[in-house]
Amino acid sequence: MGTKNILARLIKYSWRPEVFFALTLILLLLAIYFIFPTSVLIQTQIPQAIIDVAIFGVLIVIFNRIRERRLDIKRWQEEIDDYMGWKEPEATH
């Protein structure tokens, strides 16, 4: 996989709403982290929270894609089953 292909895929998926929301959230949290003075305890917890949000966001997107794919396959199988009993030339291809 070439660098151009990876870059094209990143650009393609960067416009998805969930990616946009995650990037906006991360940028907002980083801005708050650097602008406002906080205690050491909070400074250590903010990066952990960002990582948690990113991991859970990726997992939710993965599970959503898997669910969508299963629903598509189920819908296609039902459509094929609908054509099984049809005795016309259109249904043979």
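These numbers were taken from a predicted model, which means no experiment stands behind them.

Draft legend 1. A look at the overall build of the chain. For the chain, the count of helices and strands is 3 helices and 0 strands. Reading the helices (α) and strands (β) of the chain from amino to carboxyl end gives α-α-α. The 93 residues of the chain split such that 2% are buried.

Draft legend 2. Representation of a nonpolar patch on the surface in the model. Together, I51, I55, F56, V58, L59, I60, I62, F63 and I66 make up a nonpolar patch on the protein surface, roughly 880 Å² of accessible area in all. Exposure remark for I66: the relative accessible area of 38% places this residue in the partly exposed category.

Draft legend 3. Seen up close, the pattern of salt bridges. Overall, the coordinates contain 1 salt bridge when judged by the stated rule. With a shortest N-O distance of 3.1 Å, D72 and R75 are connected by a salt bridge. Within this pair, D72 and its partner R75 are both found in helix α3 (residues 40–84), separated by 3 residues, close to a single helical turn.

Draft legend 4. Highlighting a negative patch on the surface. Together, E78, E79, D81 and D82 make up a region of like negative charge exposed at the surface. Within the secondary structure, E79 is located in helix α3.

Draft legend 5. Layout of the confidence of the model for the chain. Per-residue confidence for the chain averages 77 on the pLDDT scale, and 73% of its residues sit at or above 70. By mean pLDDT, the top-scoring element of the chain is α3 (84), and the lowest-scoring one is helix α1 (residues 3–14) (64).

What counts, and at which threshold
- Residues numbered from 1 in each chain as written.
- Predicted model: local features only at pLDDT ≥ 70, side-chain atom pairs only at ≥ 80, totals over all residues.
- Heavy atoms only, no water.
- Helix = DSSP H or I, 4+ residues; strand = E, 2+ residues; numbered from the N terminus.
- Buried < 20%, exposed > 50% of the residue type's maximum accessible area, 1.4 Å probe, protein only.
- Patch = residues over 30% accessible without salt bridge, like charges linked within 9 Å, V, L, I, M, F, W, Y side chains within 5 Å.
- Areas by Shrake-Rupley, 256 points an atom, 1.4 Å probe, with all protein chains shown as cover.
- Salt bridge = Lys/Arg side-chain N within 4 Å of Asp/Glu carboxyl O.
- Lys, Arg positive; Asp, Glu negative; His and termini not counted.
- Charge placed at Lys NZ, Arg CZ, Asp CG, Glu CD.
- pLDDT = per-residue confidence, 0-100.

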